[in-house]
Amino acid sequence: MGREIAVFDTTLRDGEQTPGVSLPVSYKIQIAKQLDKLGVDVIEAGFPSASKGEFEAVKEIANLGLNAKICGLARMVKGDIDAAIKADVDMVHIFIPTSKIQVEHTIKKSREEIIEISVECVEYVKDHGVECMFSAMDATRTEMDYLKRIYKAVEEAGVDIVNVPDTVGIATPFKFYDMIKELREHLKVPIDVHCHNDFGLATANTYAAVLAGANEVQVTVNGIGERAGNAALEEVVALLYAEGFKTNVRMEYLVETSRLVERLTGVKLPPNKPIVGENAFSHESGIHAHGVLKDARTFEPGIITPEMVGHKRRIVIGKHAGRHQIKKMLEDAGYVVDEESLTKIVEKVKELGDKGKKVTDLDLFTIAEVILGEVRKEERAVNIEEVTVITGNKITPTAVINAEVMGRKKVTSAIGVGPVDASLKAVTELLGKKIKITEFRMDAITGGSDALADVYVTIKDESGETFTARAAGTDIVMASIDAVINAVNYLMLRKKKGRR
Ligand code: KIV
Ligand code: ZN
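Residues numbered from 1 in each chain as written. Chains lettered and ligands numbered in written order. Predicted model: local features only at pLDDT ≥ 70, side-chain atom pairs only at ≥ 80, totals over all residues. Heavy atoms only, no water.

> Please clarify how the overall build of the protein should be interpreted in this entry.
On a plain count of helices and strands, the protein comes out with 16 helices and 16 strands. Rg of the C-alpha trace for the protein: 31 Å, well past the compact-globule value of 23 Å for 500 residues, more than 25% over. Once the C-alpha set of the protein is aligned to its principal axes, its extents read approximately 95 × 50 × 40 Å. For the protein, the proportion of its 500 residues judged to be buried stands at 53%. Excluding contacts between residues fewer than 6 apart, the proportion of contacts in the protein whose partners are at least 24 apart in sequence is 65%. Split by element, the accessible area of the protein, about 22,700 Å² in all, is 53% carbon and sulfur. Positive and negative side-chain charges in the protein, numbering 66 and 75 respectively, have mean positions lying 7 Å apart. (Helix = DSSP H or I, 4+ residues; strand = E, 2+ residues; numbered from the N terminus. Rg over C-alpha atoms; globule rule 2.2 N^0.38 Å. Buried < 20%, exposed > 50% of the residue type's maximum accessible area, 1.4 Å probe, protein only. Contact = heavy atoms within 4.5 Å. Areas by Shrake-Rupley, 256 points an atom, 1.4 Å probe, with all protein chains shown as cover. Lys, Arg positive; Asp, Glu negative; His and termini not counted. Charge placed at Lys NZ, Arg CZ, Asp CG, Glu CD.)

> What exactly am I supposed to notice about the sheet that holds strand β4 (residues 91-97) here?
Strand order in the closed barrel made by the eight strands is β1-β2-β3-β4-β5-β6-β7-β8, with parallel pairing throughout. If you compare each strand with its neighbour and ignore which way they point, the axes differ by 25° on average. Sheet topology places strand β6 (residues 161-166) next to strand β7 (residues 191-195); five bridges connect them, and they run parallel. Bridging across to β7, Val164 finds its partner in Val193. (Pairing = 2+ DSSP bridges. Axes fitted to C-alpha atoms, helices over the stretch in contact; angles between N-to-C directions.)

> Any chance you could explain the coordination of the zinc ion (ligand 2) here in plain terms?
A metal bound by six donors in octahedral fashion has ideal angles of 90 or 180 degrees, whereas one bound by four tetrahedral donors has an ideal angle of 109.5 degrees. Surrounding the zinc ion (ligand 2) are the protein donor atoms Asp14 (OD), His194 (NE2) and His196 (NE2), at 2.0 to 2.1 Å. Along the chain, the residues that donate to the zinc ion (ligand 2) are spaced as D-x179-H-x1-H. When its relative accessible area of 4% is taken as the criterion, His194 is described as buried. The class for His196 is buried, based on a relative accessible area of 4%. (Donors = N, O, S within 2.8 Å, 3.2 Å for Na, K, Ca; no water.)

> Hey, could you run me through the pattern of salt bridges in this one?
Opposite charge on two side chains permits pairing when their charged atoms draw close. Counted according to the given criterion, the structure contains 32 salt bridges. Across the salt bridge formed by Arg13 and Asp14, the nearest N and O atoms sit 3.6 Å from each other. If you follow the salt bridges from partner to partner, you end up with Arg323, Lys327, Glu331 and Glu339 in one network. (Salt bridge = Lys/Arg side-chain N within 4 Å of Asp/Glu carboxyl O.)

> What is the right way to read unusual backbone geometry from this model?
Trans is the prevailing form of peptide bonds, just as negative phi is the prevailing case for residues other than glycine. Even without glycine at this site, Arg227 takes up a positive phi of about 50°. Position of Arg227 among the secondary structure elements: in the loop between β8 (216-219) and α9 (233-242). For Met406, which is not glycine, the phi torsion reads 50° and is therefore positive. Among the structural elements, Met406 can be located in the loop between β12 (395-405) and β13 (408-415). By relative accessible area, which is 54% here, Met406 ends up exposed.

> How should the site of ligand 1 be read in this particular structure?
Every residue lining ligand 1 is accounted for by Arg13, Asp14, His93, Phe95, Ser135, Met137, Asn163, Pro165, Thr167, His194 and His196. Contact between ligand 1 and Thr167: an oxygen atom at 2.7 Å from a side-chain N or O atom of the residue. Note that an oxygen atom of ligand 1 is positioned 3.1 Å from one of the side-chain N or O atoms of His194. Expressed as a share of its isolated accessible area of 260 Å², the protein-covered part of ligand 1 is 94%. When contributions to the shell around ligand 1 are tallied by element, the ones reaching two or more residues are β4, β5 (131-137) and β6. Residues of the shell around ligand 1, tallied by class, amount to three nonpolar, six polar and two charged. (Near = heavy atom within 4 Å. Polar contact = N/O pair within 3.5 Å; in protein donor to acceptor, adjacent residues only side chain to side chain. Nonpolar A, V, L, I, M, F, W, Y, C, P; charged D, E, K, R; others polar.)

> Hey, could you run me through the nonpolar core in this one?
Inside soluble globular proteins, nonpolar side chains tend to come together where they are buried. Counting 92 residues, the largest nonpolar core has Ile94, Phe134, Tyr151 and Val164 as its most contacted members. No other element matches helix α6 (residues 144-156), which puts seven residues into this core. Discounting chain neighbours no more than four positions away, the residues touching Tyr151 are Phe134, Ala136, Ala139, Val162, Asn163, Val164, Pro165, Leu183 and Leu187. Counting 30 residues, the second-largest nonpolar core is a separate cluster that includes Ala399, Ala403, Ala426 and Ile481. (Core = buried A, V, L, I, M, F, W, Y, C linked by side-chain atoms within 4.5 Å.)

> How should I be thinking about the side chain of Ser99 in this particular structure?
Mapped onto the elements, Ser99 comes out in the loop between β4 and α4 (100-107). Overall, Ser99 belongs to the buried group, its relative accessible area being 0%. Not counting residues within four places of it along the chain, the set of residues in contact with Ser99 comprises Arg111, Met137, Asp138, Arg141 and Thr142.

> Even after reading the chapter, I still don't get the packing of aromatic side chains, so can you show me in this structure?
For any pair of aromatic rings, geometry is given as the distance between the ring centres together with the angle between the planes. By the definition in use, this model includes four aromatic pairs. Ring geometry for Tyr207 against Phe245: centres 6.4 Å apart, planes inclined by 85°, an arrangement best described as edge-to-face. Within this pair, whereas Tyr207 is found in helix α8 (residues 202-211), its partner Phe245 is found in the loop between α9 and α10 (254-265), the two being separated by 38 residues in sequence. In this structure, Tyr207 and Phe245 share a single accessibility class: buried. (Phe/Tyr/Trp six-rings, centres within 6.5 Å; stacked < 30°, edge-to-face > 60°.)

Structural data, given as structure tokens:
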């Protein structure tokens, strides 16, 4: 294992600066607890002087007794620093613009004055017995000589750690490496880096800085933050692990943390997001899936497995999936499939594929279980021929079903509180009300509005005999009807064969 790199999480500060994101205190507390469980070293909980709510959130987080150090952001003004100290933080992160463009248009002070203010503020924080981090904002657009001078001045004033922010995300890995190396040789205090993702280089730049000697990395969960966001915690941590560096992050909680932050911030994760995205370990059928089924390392980095980060590997079966591949996947998962059932399973997969649905391995296993559990057509007591369901905001949901029951054609109709209820009432009507549905459960197997619905029903006949069956489909009405009919057919078959 190589050097140990500290992880400074700023999801609750820079992450909360994502356009459109504003977290209530209770959400910030939930995220802080999760970050602590994840094992980050520092949690930047917010900007205490920004509002009353923000002050309360930082103070509550600082008093939760978490293992991580709690940090609060402050401009270099006494009021901001006092607010952070009053919020009971372990560390105050003070920042000041240093690049020509920012100094001219924002702070409007001379470079010497900026150094003097910085030194005074570091001393002020330290006099209160609190740790201090200093950021030269827009460092990557600041002249190196000046940067060295200001960082040296705050080091001499007793700062605990300096941060080098790539505020507008214009760094590139080789240039950033050189910059951090030069600063590393010039300073004694630990160096932390804060990279924005404007050119999609935040993770690469963060990693380059580590190679150049940085001691700490600033990251946000899912890479949220100002504009294009910050370096993503999950990417940086996984990369550091893969390259032999040590962090205190418990990688098995990465996906859990990512999902929580996605849910509470409302910032949706793209499916192709590295490490934590829905597709991060998904393989479409074909050469890749074939290789992965043999050995996942053929088409995955290998050094990080889905289990290591709390994820799942998925094989997505497209409409081009072959019979052979489907058979192999089922057999590998322990299913014994006869040729007739396999044909039906393949047909169902292709039917879903033609409708544009991605069929995951979980979908496949559900389809297989349903088909393997079906009564053969010639032995069925009931066969559904046609179903018509009408529903709408001004219409009472109504279902009409045409079927063959014990060799006789029948048509029934019923109304209900919704389309599923109306259909199930029409089905029981079809059977002369001789059965009762005693249990009904519906689960969506994978996400999305086109998810495969998995329906379980238990029915009871007049003699009190019960049977549970299952059906699956993207149409919830049809899946519900099929589940009841499957149960009825089983029950009838069992009676016919005299088995109990
Ligand atoms: O991007 C930036 O420069 C910042 C500072 C407050 C460190 O977020
Ligand atoms: Zn930032």
